[in-house]
Amino acid sequence: MSKKAIGIDIGGTNFRMGLVSEDGSVEYFYKASSREICDNGEAVELLADKIELYIQEHGMQGQLSAIGIGFPSPIDAARKVVYNCPNLQNSTGGFDGRNVVHSLQQRLGIPTFINKDACNLLWYEIEMHKWKGSGITIGFYYGTGIGNSVYLGNGFLDGKHGVACDVGHIPFYLSDRYCTCGNRGCAECYASGRVLRDIWQEHWPEEEFTDIFRNHSDSKVIQEYLEGMAIPMATEINIFDPDRIVVGGGVMDMKDFPEKMFWDYVYEFTRKPFPGTDFAIVHASKEPGVGVAGSALYAFEQLRLKGKN
Ligand SMILES: [Zn+2]
């Protein structure tokens, strides 16, 4: 019988959960506000309550191989501790510094694997396209912030502390803007969904936000925004010379996003002749359960790796 795992995708706004099979199919998809797990109380306990209730409601006791969770946060190298989730705060500090794996395994008795959300999103694509062992794959997700992940063909690039590939926080030159991370001049101060909303509020508040690209893609401020999006992307392309780039996220998926203009900025900054324009562009899957499936597929992969050791 095919194994089943619970996959969870925790975003700054929405919390998604599903029962996932090894082929990536999702059942009992559940979506709620992320506030529900960081209201009053200990966030990890609220999360455990939610998972426990979900297991009971669907009669899944004793049938789960694993739980996989993606957090909008850097995770430690051992993939157990959530470092810093500014979007999931509460009076007790949200998930920051918590050993989520230890707490959940103790409460629920199910092997639990956590990861940065962008890694789990990219993992879904790697599994579906069968890219394991085939070159370098980069994931870029332009959402509230900039999600980023680099897969080197045999594993994610994690770094000494587990926090590698946070390209949304590379600094821009001579900047006077401050980032939610506390540093000055991060790319996210110029190219995140948050900044796009600020631009809309400042320039065209009387219009619908969702029309911003349709109405204003040629404007100086949106051209600068596109250039800001392109700089971290081109930087990473020049460093890694990747085989392919998976690109997605709420900003890219907005109506009339001027994708050609965006890539023209990227190509302007990539080194010639290579990488130049010689990498595949793959749009991230848009189904609502992708993050959930990716989290669970990552958990299945970790179980397989553990079984080999
Ligand atoms: Zn930053």
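Reading guide: rules and limits
- Residues numbered from 1 in each chain as written.
- Predicted model: local features only at pLDDT ≥ 70, side-chain atom pairs only at ≥ 80, totals over all residues.
- Heavy atoms only, no water.
- Helix = DSSP H or I, 4+ residues; strand = E, 2+ residues; numbered from the N terminus.
- Rg over C-alpha atoms; globule rule 2.2 N^0.38 Å.
- Contact = heavy atoms within 4.5 Å.
- Donors = N, O, S within 2.8 Å, 3.2 Å for Na, K, Ca; no water.
- Tetrahedral: all angles 85-135°; square planar, octahedral: opposite > 155°, others 65-115°.
- Buried < 20%, exposed > 50% of the residue type's maximum accessible area, 1.4 Å probe, protein only.
- Core = buried A, V, L, I, M, F, W, Y, C linked by side-chain atoms within 4.5 Å.
- Expected span 1.5 Å × (residues − 1).
- Domains from an automatic or database assignment.
- Buried area = accessible area lost by both parts, 1.4 Å probe.
- Salt bridge = Lys/Arg side-chain N within 4 Å of Asp/Glu carboxyl O.
- Polar contact = N/O pair within 3.5 Å; in protein donor to acceptor, adjacent residues only side chain to side chain.
- Pairing = 2+ DSSP bridges.
- Axes fitted to C-alpha atoms, helices over the stretch in contact; angles between N-to-C directions.
- Phe/Tyr/Trp six-rings, centres within 6.5 Å; stacked < 30°, edge-to-face > 60°.
- Lys NZ or Arg CZ within 6 Å of the ring centre and 35° of its normal.

Let's hear about the overall build of the protein: which residues, and what values?
Looking only at helices and strands, one finds nine helices and nine strands in the protein. Against the 2.2 N^0.38 benchmark of 19 Å for 309 residues, the protein shows a C-alpha radius of gyration of 19 Å, consistent with a compact globule. Reported as C-alpha extents along the three principal axes, the dimensions of the protein are approximately 55 × 45 × 35 Å. A fraction of 61% describes how many contacts in the protein between residues 6 or more apart in sequence connect residues 24 or more apart.

Which residues make up the coordination of the zinc ion, and what values do they have?
Distances from the zinc ion to its protein donors, His-169 (ND1), Cys-179 (SG), Cys-181 (SG) and Cys-186 (SG), fall at 2.0 to 2.3 Å. Every donor counted, the four donor atoms about the zinc ion form angles of 106 to 114° at the centre, which fits tetrahedral coordination. Judged by relative accessible area, which is 23%, His-169 ranks as partly exposed.

Give a detailed account of the nonpolar core, specifying residues and quantitative values.
A general feature of soluble globular proteins is that nonpolar side chains tend to end up buried together. In this structure, Tyr-142, Met-229, Met-233 and Phe-262 are the most contacted members of the largest nonpolar core, which totals 44 residues. Looking at this core, the elements with two or more residues in it are strand 6 (137–142), strand 7 (146–151), helix 4 (188–191), helix 5 (193–203), helix 6 (212–216), helix 7 (220–240), strand 8 (244–248) and helix 8 (259–269). In terms of residue count, helix 7 provides more of this core than any other element does, 10 residues in total. Excluding its chain neighbours within four sequence positions, the residues that come into contact with Met-233 are Phe-140, Tyr-142, Ile-245, Val-247, Phe-262, Trp-263 and Val-266.

Tell me about helix 7, and please be specific about residues and values.
With 21 residues, helix 7 ought to run about 30 Å at 1.5 Å a step, and its terminal C-alpha atoms sit 30 Å apart, in line with that. Two residues or fewer past helix 7, Asp-241 is found with a positive phi of approximately 45°.

Before we move on, could you go through the domain arrangement of the protein and cite the residues and values that matter?
Here the protein is partitioned into domain 1 (4–120 + 288–308) and domain 2 (135–242 + 250–283). Look at where the C-alpha atoms of domain 1 and domain 2 centre, and you get two points 27 Å apart. With both sides pooled, the region where domain 1 packs onto domain 2 buries about 900 Å², and carbon together with sulfur makes up 51% of that total. By the criterion of area lost to domain 2, the three top residues of domain 1 are Lys-116, Ala-118 and Cys-119, representing 41% of everything that side buries. Where domain 1 packs against domain 2, one counts one salt bridge. Here Asp-158 ties to Arg-79 by a salt bridge, and the two come within 3.0 Å at their closest N and O atoms. Summed over the shared surface of domain 1 and domain 2, the number is five residue pairs in polar contact (both at pLDDT 80 or more). Within the residue set of the side of domain 1 that touches domain 2, elements represented by two or more residues are strand 5 (112–116) and helix 3 (117–129).

Mind laying out the sheet that holds strand 9 (residues 280–283), listing which residues take part and the relevant values?
The mixed open sheet is built from four strands, whose spatial order is 7-6-8-9. In the strand order of this sheet, the two ends are held by strand 7 and strand 9, each with one partner. Neighbour-to-neighbour, the strand axes of this sheet turn through a mean angle of 20°, independent of strand direction. For strand 6 and strand 7, the ladder comprises six bridges, and the chain directions are antiparallel.

Provide a residue-level description of the pairing of strand 3 (residues 26–33), including the pertinent values.
Bridge count between strand 2 (residues 14–21) and strand 3: six bridges; the pairing is antiparallel. Bridged to Met-17 within strand 3 is Tyr-30. Between strand 2 and strand 3, which follow one another and run antiparallel, lie four residues, and Gly-24 among them has a positive phi close to 90°.

A description of the packing of aromatic side chains should follow, citing residues and the corresponding values.
Applying the stated criterion to the full structure yields 16 aromatic pairs. A network of ring pairs unites the aromatic residues Phe-140, Tyr-142, Phe-213, Phe-257, Phe-262, Trp-263, Tyr-267 and Phe-279 as a single cluster. Its end group placed over the ring of Phe-15, Lys-50 keeps NZ or CZ at 5.9 Å from the ring centre. Geometry around Phe-209 places Arg-197 over its ring, the cationic atom sitting 4.1 Å from the centre.

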